[in-house]
Structures are given as structure tokens and as C-alpha cells.
Amino acid sequence: MRKLVVALSGLTGEEKKSIQEMAERYGLNPLFFERPEDALEEVRDAEIVFGQGTLLTERAEHLSWCCTPFAGVEPYLRPGAFASPDAILTNSSGAYGVTISEHIVMVTLEMMRREGEYREIVAGKGWRRDLPIRSIHGSRVLLFGTGDIGRETAKRLRAFSPKWIRGVNRSGRATEGIDSTATMDAMDQLLPETDLLIMSLPSTAETKRVMNADRLALLPEGAFLVNVGRGSALDEEALCALLRSGRLGGAALDVFDTEPLPEHSPLWSCPRLHITPHVAGNMTLSFTRAQIVRQFLENLDRYGRGEELLHVVDRKRGY
């Protein structure tokens with residue numbers, strides 16, 4: 001039988017059963033592995049791969065389609081990532097909006113309400129109550145990236161009554177739940193009016209260092225920044241300098257130029273910086289994993305019927 005290799009940890013029995021039933025409907029034999037390393041022999045003649053990383057696509061000489069369970073596709077863009085150069089690549093964008101938007105709300109409230117400082121005070125058995133705090137209420141919010149993450153974030157932040165929520169995307173197209181949208185060309189005009197900047201950009205040539213030192217300096221005093229997209233979009237050194245100067249109210253980074261963040265990185269000691277180890281959008285939330293499987297099953301059904309797949313990645317453009 002034609003072979004489907006699923007190399008994904010944490011799948012429930014019900015999720016595996018759904019994949020098996022859909023695969024067998026179209027004459028595919030699904031083989032399940034917890035790790036890509038365990039599937040190296042079976043993947044050589046696989047027609048479909050559902051799993052993360054290029055360890056399998058580099059060896060799958062007869063591959064027609066690879067579905068990555070993540071939204072980011074950087075590992076697949078380098079030369080040699082596919083033994084079958086014509087294989088279709090799809091990602092799982094659209095599955096992470098809920099978990100990442102909740103992360104954004106969490107770190108924003110922690111920064112604005114100075115939760116980290118209060119934790120330190122309480123840890124030392126102190127009892128201060130006078131730290132000035134800020135609120136999302138009345139704040140001006142700018143979303144760099146208005147896809148699934150941006151839309152889900154806008155939906156949640158709306159409940160806090162911000163002054164406005166604006167967005168920036170490639171085309172400037174209107175987005176439901178966002179008051180207005182503009183192209184990247186308008187960034188320099190929007191940044192000085194922004195109290196909370198949220199970045200959820202992919203890693204492409206267009207987004208590399210899009211938030212450079214000059215643009216970071218355009219943010220008003222006391223502004224906050226959250227980055228859950230890719231570390232390559234942000235000048236980390238310039239951000240740290242602004243935080244050390246006291247000009248920015250705070251920043252929360254879940255993604256970095258180099259991951260894991262090196263032990264010698266100055267970011268570890270940067271004041272008013274909230275660091276998380278790229279956990280905003282991983283698969284530890286069962287709802288997220290269920291969405292990923294649901295999207296894969298929808299595409300598997302389309303594949304079996306010979307229809308165009310959803311979430312297809314243009315490997316030349318990088319998204």
C-alpha cells in the first residue's frame with residue numbers, strides 16, 4: 001500500500017484512529033512514530049509525511065506531500081531539505097491562534113501590572129503596594145501581523161477596551177476585529193502612536209530586522225513590545241539598550257535570533273524584559289494539537305480526492 005508516515009508525539013488514541021480511517025479510505029497505510037528518528041527506514045518510500053523537521057524529507061525520495069505541525073517553515077527552505085524537490089509543503093498556520101493569543105494577554109498584563117516585580121517583593125517577604133501600573137484599557141495597540149494570531153489576539157484584547165487596535169500586513173487588507181490596517185510602509189507613522197506593539201511576523205527576507213534600532217526609537221516613552229513571531233524580525237541589541245535606558249515600559253520575547261538563547265546573551269540580565277523559551281505556540285495544549293490534526297485530516301481528504309490543498313507554503317517566498 002501507499003505509505004503515510006506520521007512522526008508526531010503526543011497523539012491520542014482517538015486522533016490516531018481518525019488519521020488511520022481517513023488514510024485507509026484513500027488506500028494509504030499509516031505508520032505512527034513518536035520521533036522522526038524512529039521513522040528513517042520507513043520514510044524512504046513514503047508518499048506523505050506528517051511530522052516536523054527535515055530529517056524525514058531529506059530521505060523521502062518519493063514524497064508527494066509533507067505537512068509540518070508547526071506554522072514556521074524555515075528548516076524546509078534550505079537547499080537539500082527535500083529529496084523529492086517537487087513535494088508539496090503545507091504548514092499548520094491557523095492552529096495556534098488561541099494558545100498564542102492567550103500567551104500575549106498573559107505577558108502583557110504581567111508587564112503592565114508589574115507582576116514580576118511584585119513576585120520579587122513577596123519572595124523577600126515584602127509588602128509594597130505602590131508600584132505605578134498601566135492598563136490595556138485606553139491603550140493604543142498595534143499588531144504587526146494580522147493573520148490567525150493577530151485576529152485571535154484582537155478578539156481577546158477587545159474585551160479590555162483599548163483605545164484602538166490597528167494592524168500592519170503586507171497588503172494593507174482589512175481584517176475582521178481590527179479597527180484599521182496598513183502596509184509596512186506606514187510603520188514609521190504608526191509607531192509613535194503605539195502603546196503596545198505585538199509582533200507575530202514570519203521569518204522572510206521582508207521581515208528581517210523590520211524592527212530595527214531606528215523604528216524601536218519611534219515608540220513613545222513607556223511603550224510595551226511583545227514578540228511571538230520570529231526573533232529575526234527584531235534588533236535585540238537595540239531593544240535591550242532602550243530597556244536599560246528606561247525609555248520603554250517593558251518587552252516580552254518568546255522568540256529569539258538564536259535558540260536556545262545562549263547563556264552569555266545580555267538579554268538574560270536586561271531589565272523589564274520578560275523571557276519565555278518559545279512556548280507561546282507549542283503543542284502542549286491539547287486544543288492546539290487537536291486543531292493541527294483536524295487541519296491535517298481536512299487536507300488528507302482533499303489530497304485523496306485530488307483537490308487543491310490548504311495552507312500550501314511557497315518555498316521560494318518562505319510562507
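In case you missed it, the structure is sitting above this.
Residues numbered from 1 in each chain as written. Predicted model: local features only at pLDDT ≥ 70, side-chain atom pairs only at ≥ 80, totals over all residues. Heavy atoms only, no water.

## Observations concerning the overall build of the protein
- Helix and strand counts for the protein stand at nine helices and 12 strands.
- Taking 20 Å as the expected radius of gyration for a compact globule of 319 residues, we find that the protein reaches 21 Å, a close match to that expectation.
- Across the 319 residues that make up the protein, the buried fraction comes to 50%.
- Once local pairs closer than 6 in sequence are excluded, the contacts in the protein between residues at least 24 apart make up 61%.
- Of the roughly 15,400 Å² that the protein leaves accessible, carbon and sulfur atoms contribute 50%.
- Between the averaged position of the 39 positive side-chain charges in the protein and that of its 44 negative side-chain charges there is a distance of 4 Å. (Helix = DSSP H or I, 4+ residues; strand = E, 2+ residues; numbered from the N terminus. Rg over C-alpha atoms; globule rule 2.2 N^0.38 Å. Buried < 20%, exposed > 50% of the residue type's maximum accessible area, 1.4 Å probe, protein only. Contact = heavy atoms within 4.5 Å. Areas by Shrake-Rupley, 256 points an atom, 1.4 Å probe, with all protein chains shown as cover. Lys, Arg positive; Asp, Glu negative; His and termini not counted. Charge placed at Lys NZ, Arg CZ, Asp CG, Glu CD.)

## Looking at the sheet that holds strand β7 (residues 164-168)
- Taken together, seven strands build an open sheet; the order of strands is β8-β7-β6-β9-β10-β11-β12 and the sheet is parallel. Two strands in the sheet have a free side with no partner beyond their single neighbour: β8 (180-182) and β12 (273-275). Direction aside, neighbouring strands of the sheet carry axes that sit 15 degrees apart on average.
- Note that strand β10 (residues 224-227) and strand β11 (residues 250-253) share four bridges and pair parallel. In the sheet register, phenylalanine 224 faces β11, and the bridge partner there is glycine 250.
- In the packing of helix α3 (residues 97-112) onto the sheet, contacts are made with β9 (196-199), β10, β11 and β12, and the angle to β10 comes to roughly 150 degrees.
- Those strands touched by helix α5 (residues 148-157) are β6 (140-144), β7 and β9, and its axis lies near 165 degrees from that of β6. (Pairing = 2+ DSSP bridges. Axes fitted to C-alpha atoms, helices over the stretch in contact; angles between N-to-C directions.)

## Let's talk about empty space enclosed by the protein
- Within the structure shown, the criterion is met by one cavity of 30 Å³ or more.
- Approximately 30 Å³ is the volume attributed to the largest cavity.
- Along its surface, the largest cavity is lined by Cys67, Asn91, Ser92, Ile292, Gln295, Phe296, Asn299 and His311.
- Partitioning the lining of the largest cavity into residue classes produces three nonpolar, five polar and no charged. (1 Å grid on protein atoms, 1.4 Å probe; cavity = no way out; pocket = protein on both sides within 12 Å on 5 of 7 lines; lining within 4 Å. Points joined across faces, edges and corners; volume = space filled by probe spheres on them. Nonpolar A, V, L, I, M, F, W, Y, C, P; charged D, E, K, R; others polar.)

## What about the sheet that holds strand β4 (residues 65-67)?
- Pairing is parallel across the open sheet formed by five strands, whose spatial order is β2-β1-β3-β4-β5. At either margin of the open sheet sits one strand with a lone partner, and together these are β2 (28-33) and β5 (88-90). Each strand of the sheet is rotated relative to its neighbour by a mean of 15 degrees, with strand direction disregarded.
- Pairing of strand β3 (residues 48-51) with β4 involves three bridges; the strand directions are parallel. Bridged to valine 49 within β4 is cysteine 66.

## So, the layout of surface pockets
- A volume near 1,300 Å³ is recorded for the largest pocket.
- Along the walls of the largest pocket sit 45 residues, with Ala71, Ser93, Ser200, Leu201 and Pro202 positioned nearest its centre.
- Elements with a minimum of two residues in the lining of the largest pocket: α3 and α5.
- Looking at the lining of the largest pocket element by element, the count peaks at four residues for α5.
- Looking at the lining of the largest pocket residue by residue, the class counts come to 16 nonpolar, 21 polar and eight charged.
- As a volume, the second largest pocket reaches approximately 570 Å³.

## Describing α3
- Here α3 is 16 residues long and its end C-alpha atoms lie 22 Å apart, about the 22 Å a rise of 1.5 Å per residue gives.
- Most of α3 is tucked away, with 13 of its 16 residues classed as buried.
- Looking at the residues trailing α3, positive phi occurs at arginine 114, about 55 degrees. (Expected span 1.5 Å × (residues − 1).)

## Some remarks on the packing of helix α1 (residues 13-25) against helix α9 (residues 286-304)
- Running from N to C, α1 and α9 cross one another at 5 degrees; their axes reach a closest spacing of 10 Å. Classified by the angle their axes make, α1 and α9 are roughly parallel. Counted together, Glu15, Ser18, Ile19, Met22, Ala23 and Arg25 of α1 and Arg289, Ala290, Val293, Phe296, Leu297, Leu300 and Asp301 of α9 form the full contact between these two elements.
- Its residues assigned to classes, the contact of α1 with α9 shows eight nonpolar, one polar and four charged. (Parallel < 35°, antiparallel > 145°, perpendicular 65-115°, else oblique.)

## Re the packing of aromatic side chains
- What the rule picks out here adds up to five aromatic pairs.
- Ring centres of phenylalanine 70 and tyrosine 96 lie 6.4 Å apart, and the angle between their planes is 20 degrees; this geometry places the pair in the stacked category. Of this pair, phenylalanine 70 sits in the loop between β4 and β5 while tyrosine 96 sits in the loop between β5 and α3, and the two are 26 residues apart along the sequence.
- With a relative accessible area of 4%, tyrosine 96 lands in the buried category.
- Between arginine 166 and the ring centre of tryptophan 164, over which it is positioned, the NZ or CZ distance is 3.8 Å. (Phe/Tyr/Trp six-rings, centres within 6.5 Å; stacked < 30°, edge-to-face > 60°. Lys NZ or Arg CZ within 6 Å of the ring centre and 35° of its normal.)

## Re the side chain of threonine 57
- The residue threonine 57 is located in helix α2 (residues 54-57) in this model.
- Each residue touching threonine 57, except ones within four places of it in the same chain, is listed here: Leu63, Cys66, Tyr76, Ala81, Phe82 and Ala83.

## Side note on the pairing of strand β1 (residues 2-7)
- Here β1 lies mainly inside the structure; five of its six residues are buried.
- Sheet topology places β1 next to β2; six bridges connect them, and they run parallel. By the bridge assignment for β2, valine 6 is matched with phenylalanine 32.
- In the classification by handedness, the crossover that spans β1, the intervening α1 and the parallel β2 is right-handed.
- By the bridge criterion, four bridges tie β1 to β3 in an arrangement that is parallel. Note that in β3 the partner of leucine 4 across the bridge is isoleucine 48. (Right-handed = clockwise from strand over helix to strand, strands pointing away.)

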